[in-house]
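Examination of the molecular architecture
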Amino acid sequence: MTTLDQLRPGQQGTVQALGGDPGLVQRLYELGLFEGESIEVLALAPLGDPIEIRVGNARLSLRKAEAAGIQVS
Amino acid sequence: MNTTTRTLTVALVGNPNAGKTTLFNALSGLRQRVGNYPGVTVEMKKGNFTAGGVPVDLIDLPGTYSLAARSPDEMVAVDLLLGRRPEEPRPDVVLSIVDASNLDRHLYLTSQLLDLGEPVVLAVNMIDAAQAQGIAIDFAKLSAELGIPVVPIQANKGLGLDEVQTALLAAAENGTPPRGPTLPVEFEKEVAVLQVELGNDVPVFLTRRLLLDVGGYVEQWLVQKHGSALRQHLEEARQRLAAAGHAVPGVEARARYGWLRPIVNDCVTKPAVRPVTWTDRIDSVLTHRVWGTLVFLLVMFGVFTSIFTLATPVMDQVKDGFDAAAKGVEGAMDPGPLRSLLADGIVKGVGGVLVFLPQILILFGFIAILEDCGYMAHAAFLMDRLMSKCGLSGKSFIPMLSSVACAVPGVMAARVIENRRDRLATILVAPLMSCSARLPVYSLLIGAFLTEGYAFWVPGFALFALYMVGFTVAPLVALLLKRTVLKGATPVFVMELPAYKRPMLRSILRRMWDAGFAFVARAGKIILATMIVIWALQYFPNADANGVKYEDRIAEAESSEPAEEAAAKKNAINSEWKRDSMLGRVGRALEPAFLPLGWDWKIGTAALASFPAREVIVGTLGLLYEVDDPGEENVAVQDAVKKEWSTDPIRGKYGVPVALSIMVFFALCMQCASTLVVIQRETKSWAWPAFTFAYMTTLAYVGALLTFQIGKLVVG
């Protein structure tokens with residue numbers, strides 16, 4: 001068990017729990033990030049933040065601070 | 001059909017990148033206009049078409065991921081869907097558009113639309129792209145399980161439009177509102193209790209959102225209306241739900257995905273291994289540390305230089321054309337206020353509006369291409385870290401970069417930023433970026449004071465330093481604004497990166513046309529009015545102390561011999577006219593305020609006269625320094641400035657500090673009526689342009705003051 005911001009590009013995982021500000025959690029749900037969903041980290045921006053991930057068939061960009069609230073395994 | 005003459009109202013709703021605008025354009029063609037909804041800063045379009053002889057009004061709501069409104073803008077869309085806006089009737093049918101390749105995610109919003117109590121028609125878009133990925137959808141089954149009509153479409157090719165229209169008519173006729181997923185009993189009980197407290201003015205849909213959306217707009221609105229008792233009730237209700245294992249907002253997501261997942265699994269077959277798409281291949285290059293950065297720099301350089309190089313020749317032609325037209329008017333009419341109003345006020349004013357058009361069209365062409373092909377979001381992804389240092393996000397990068405060419409298209413480009421506070425902060429600091437209208441001021445003064453007798457690198461360095469003033473002050477002001485006036489909860493920066501695809505020429509041309517039209521038709525009138533006011537302040541009074549008209553005196557002077565003497569006389573009269581005009585009188589009255597900057601009333605008056613546009617200072621200074629036809633001859637104005645200042649006790653000794661003080665003032669000031677009007681257009685409020693003018697003028701004054709005073713110490 002780790003958090004999404006710790007994954008490196010190419011690594012995959014399954015969402016276990018979403019944490020953080022309720023508004024952020026709600027937006028993550030709306031974007032398809034949901035407990036049990038598998039995700040893959042695709043890339044890290046050249047300046048080190050944010051990260052690009054794939055959820056389902058969509059690509060999302062999220063800041064590391066936001067990714068830190070997402071538990072993955 | 002209820003009656004054959006009744007107009008159907010249809011609301012079009014979908015996620016960003018679902019192809020909503022493409023479907024809207026395909027259905028309504030050129031019959032569309034921007035709807036006017038007070039309190040909304042995002043634009044909503046209305047179009048109309050006839051389906052089977054029935055007139056249909058189609059409202060294009062802004063792209064959204066859910067009906068959980070977080071801002072006034074998002075709330076307007078929800079209110080519109082519930083029939084709570086006075087401008088529009090309650091929609092007869094809701095048209096929900098989803099991306100076939102991302103069905104489960106996109107259906108989340110659709111499942112919320114099912115709770116509105118209106119018939120819903122589902123359009124599944126981009127079925128060709130889904131097929132290419134091996135995704136097969138059983139549309140009949142999907143329709144049966146969701147309980148709503150489902151139409152497969154390809155909006156960009158115009159396929160399935162007739163079927164959509166037929167489905168809309170049938171849905172309006174049968175009109176049975178669908179049923180979405182049910183939430184746990186415990187949740188419904190809390191909603192019922194809240195509903196009693198709120199009364200029947202609040203529809204059940206909003207009561208549910210009140211409970212679900214922690215800190216959302218419905219909560220802000222109702223707590224403000226009903227007081228802290230409601231806040232406490234809400235907190236207790238949410239705690240009870242959490243204790244029962246149904247914590248918000250997860251309870252909604254579990255209910256909706258729990259309902260949707262089995263349906264999608266039933267109706268959609270996907271290949272076991274996700275095939276590698278073109279988007280994957282392109283993305284692996286664009287996110288590469290070296291290649292991706294290189295492509296980014298090339299794209300930005302291309303956009304930026306095109307705004308300059310492609311627009312400049314057209315802008316020069318526009319300028320020359322209107323100058324020639326003004327000359328034509330002067331030649332054809334007798335001297336008098338009417339001739340001057342036409343030539344110097346209206347013709348040059350219209351030219352001053354149209355001169356922005358090439359830059360706006362080119363920038364919006366690029367923005368449309370970048371957004372259409374999916375690169376815009378990628379650029380925001382790359383630049384997010386940098387922009388976050390000044391409290392903004394990656395989405396502010398393009399507007400800020402564009403503002404280096406011109407703040408007018410830059411401010412308009414800030415539309416791509418959804419977060420209201422970030423958009424405002426970007427708009428308010430964009431005019432600080434050193435735009436091309438500052439260049440004439442810089443080249444005049446650097447040419448006059450920092451070229452002769454200086455090392456070869458000094459002029460270039462001075463220009464670079466002046467650009468850096470904007471590049472450093474703008475982020476600092478943005479940071480300050482985000483910590484004070486625009487303070488608020490940290491917005492969510494999660495952003496979808498759309499699939500890369502080929503841009504469509506038609507949609508690019510449409511975006512360019514919309515941006516150009518919005519500027520000329522709506523902002524143009526006020527800009528022109530401002531220019532006419534400034535013209536009048538410089539024209540009147542048009543007779544000297546003895547009651548002799550300046551125009552008569554100029555006509556008399558022009559007949560004297562030799563030609564040089566005639567020109568000198570004419571220039572002297574023009575200078576006297578400017579001095580005694582209303583604007584000149586204000587400038588002379590304000591001279592005490594200009595003195596600490598090292599300026600006399602002439603420089604001050606020229607700065608005042610440049611309110612419509614910064615570069616006007618060059619011409620006005622020329623007139624005050626008695627240069628013939630100063631509009632064109634930069635060198636003549638340079639010589640005149642040098643000559644005039646050399647005889648002056650202050651500017652003779654401190655020429656360089658004064659020149660620097662003027663340039664720093666123009667680097668920071670808000671002397672551009674067009675930008676102010678565009679800020680008003682984009683923020684729908686006069687308070688923000690007033691604020692921008694006030695803070696930038698203060699900054700400019702303080703900056704010029706420090707520059708001159710420090711420069712005086714250094715020289716002295």
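Values in this document were obtained by computation on a predicted structure and should not be read as measured data.

**Side note on the domain arrangement of chain B**
All names here are of chain B. Along its sequence, chain B is carved into domain 1 (8-174), domain 2 (185-245) and domain 3 (276-433 + 497-519). Inter-centroid distance (C-alpha atoms) of domain 1 to domain 2 is 28 Å. Counting residues at the interface gives 10 residues for domain 1, matched by eight residues for domain 2.

**Some remarks on the sheet that holds strand E8 (residues 150-152) of chain B**
All names here are of chain B. With mixed pairing, the seven strands of this open sheet are ordered in space as E2-E3-E4-E1-E5-E6-E8. Each edge of the sheet is formed by a strand with only one pairing partner; in this case those strands are strand E2 (32-35) and E8. Ignoring which end each strand starts from, the neighbouring axes of this sheet average 25 degrees apart. The pairing of strand E5 (residues 93-99) with strand E6 (residues 120-125) spans six bridges and is classified as parallel. Within E6, the residue paired with leucine 95 across the bridge is valine 121. Across the face of the sheet, helix H5 (residues 139-146) comes into contact with E6 and E8 while running at roughly 155 degrees to E8.

**A look at the interface of chain A and chain B**
Every contact between the two is made by 30 residues of chain A and, on the other side, 31 residues of chain B. Going through the elements one at a time, helix H1 (22-30), strand E3 (38-44) and strand E5 (58-62) of chain A are the ones with two or more residues in the side of chain A that touches chain B. For the side of chain A that touches chain B, the element with the most residues is H1(A), which contributes nine residues. Among the residues making up the side of chain A that touches chain B, the classes are represented as 16 nonpolar, seven polar and seven charged. As defined by bridge partners, E5(A) adjoins strand E10 (residues 495-497) of chain B across three bridges and the pair is classed as antiparallel. Counterpart to A:Arg59 in the pairing with E10(B) is B:Leu497.

**Digging into the packing of H5(B) against helix H11 (residues 250-267) of chain B**
All names here are of chain B. The N-to-C vectors of H5 and H11 enclose an angle of 160 degrees; their axes lie 9 Å apart at closest approach. Accordingly, the angle class assigned to the pair H5 and H11 is roughly antiparallel. Crossing of H5 against H11: the hand is right-handed. Contacts between H5 and H11 involve Lys141, Leu142, Glu145 and Leu146 from the first element and Ile263, Asp266 and Cys267 from the second. For the contact of H5 with H11, a count of residues per class yields four nonpolar, no polar and three charged.

**Description of the environment of B:Lys20**
All names here are of chain B. Within the secondary structure, lysine 20 sits in helix H1 (residues 20-28). On the neighbour-count criterion, lysine 20 (25 C-beta atoms within 10 Å) is buried. Sequence separation between lysine 20 and phenylalanine 464 is 444 residues, and the spatial gap between their C-alpha atoms is 44 Å. In contact with lysine 20, other than residues within four places in its own chain, are Leu12, Gly14, Asp60, Gly63 and Ile97.

**Focus: the nonpolar core**
Residues and elements named next belong to chain B. The biggest cluster of nonpolar side chains holds 234 residues, and the ones touching the most others in it are Leu12, Val121, Leu168 and Met663. In terms of residue count, helix H31 (residues 655-668) provides more of this core than any other element does, 10 residues in total. Excluding anything up to four places from it in sequence, leucine 168 contacts Val10, Ala51, Val56, Val93, Leu95 and Val121.

**Details of unusual backbone geometry**
With omega at -5 degrees, the peptide bond leading from A:Asp49 into A:Pro50 counts as cis. Tracing the chain through its elements places A:Pro50 in the loop between E3 and strand E4 (51-55). In this structure, B:Asn17 is a non-glycine residue whose phi angle is positive, near 70 degrees. Inspection of the secondary structure assignment puts B:Asn17 in the loop between strand E1 (8-14) and H1. The class for B:Asn17 is buried, based on 20 C-beta atoms found within 10 Å. Unlike most non-glycine residues, B:Met126 shows phi in positive territory, near 60 degrees.

**With respect to the pairing of E1(B)**
Residue and element names in this part refer to chain B. The buried count for E1 comes to six of seven residues, which makes it a mostly enclosed element. Strand direction decides the pairing type here: E1 and strand E4 (residues 54-60), joined by five bridges, are parallel. Residue pairing in the sheet places valine 10 in a bridge with leucine 58 of E4. Taken together, the five bridges between E1 and E5 define a ladder with parallel strand orientation. For alanine 11, the partnering residue across the bridge sits in E5 and is valine 94.

**With respect to the environment of B:Ile360**
Residue and element names in this part refer to chain B. As for its position among the elements, isoleucine 360 is in helix H15 (residues 357-373). For the pair isoleucine 360 and alanine 413, spaced 53 residues apart in sequence, the C-alpha separation works out to 9.3 Å. Setting aside chain neighbours within four positions, we find isoleucine 360 in contact with Val408, Pro409, Met412, Ala515, Gly516 and Phe519.

**A look at the packing of helix H32 (residues 673-683) of chain B against helix H33 (residues 687-715) of chain B**
Residues and elements named next belong to chain B. Two elements in contact, H32 and H33, have axes whose closest approach is 8 Å; the angle formed by their N-to-C orientations is 140 degrees. When the axis of H32 is compared with that of H33, the two are oblique. Relative to H33, the crossing made by H32 is right-handed. Note on element contacts: H33 touches H32 through Trp688, Pro689, Thr692 and Phe693, opposite Leu676, Ile679, Gln680 and Thr683. The residue inventory of the contact of H32 with H33, partitioned by class, reads five nonpolar, three polar and no charged.

**Details of the environment of B:Tyr550**
All names here are of chain B. Looking at the secondary structure, you find tyrosine 550 in helix H23 (residues 550-558). For the pair formed by tyrosine 550 and isoleucine 573, sequence separation is 23 residues and the distance between their alpha carbons is 7.0 Å. Ignoring anything within four residues of it in the chain, the contact list for tyrosine 550 reads Asn542, Ala543, Asp544, Ile573 and Trp577.

**Focus on helix H16 (residues 375-388) of chain B**
Residue and element names in this part refer to chain B. The end-to-end C-alpha distance of H16, which contains 14 residues, comes to 20 Å, matching closely the 20 Å that a straight helix rising 1.5 Å per residue would cover. Its maximal kink placed at leucine 382, H16 deviates by approximately 45 degrees. Buried residues dominate H16, accounting for 11 of its 14 residues. The set of residues buried in H16 consists of Tyr375, Met376, Ala377, His378, Ala379, Ala380, Phe381, Leu382, Met383, Asp384 and Met387.

Reading the values: rules and limits
- Residues numbered from 1 in each chain as written.
- Chains lettered and ligands numbered in written order.
- Predicted model: local features only at pLDDT ≥ 70, side-chain atom pairs only at ≥ 80, totals over all residues.
- Domains from an automatic or database assignment.
- Contact = placed C-beta atoms within 7 Å.
- Pairing = 2+ DSSP bridges.
- Helix = DSSP H or I, 4+ residues; strand = E, 2+ residues; numbered from the N terminus.
- Axes fitted to C-alpha atoms, helices over the stretch in contact; angles between N-to-C directions.
- Nonpolar A, V, L, I, M, F, W, Y, C, P; charged D, E, K, R; others polar.
- Parallel < 35°, antiparallel > 145°, perpendicular 65-115°, else oblique.
- Left-handed = near helix turned anticlockwise from the far one by under 90°.
- Buried ≥ 20, exposed ≤ 12 C-beta atoms within 10 Å, placed from the backbone.
- Core = buried A, V, L, I, M, F, W, Y, C linked by C-beta atoms within 7 Å.
- Expected span 1.5 Å × (residues − 1).
- Bend = angle between axes of the 7 residues up to and from the residue.

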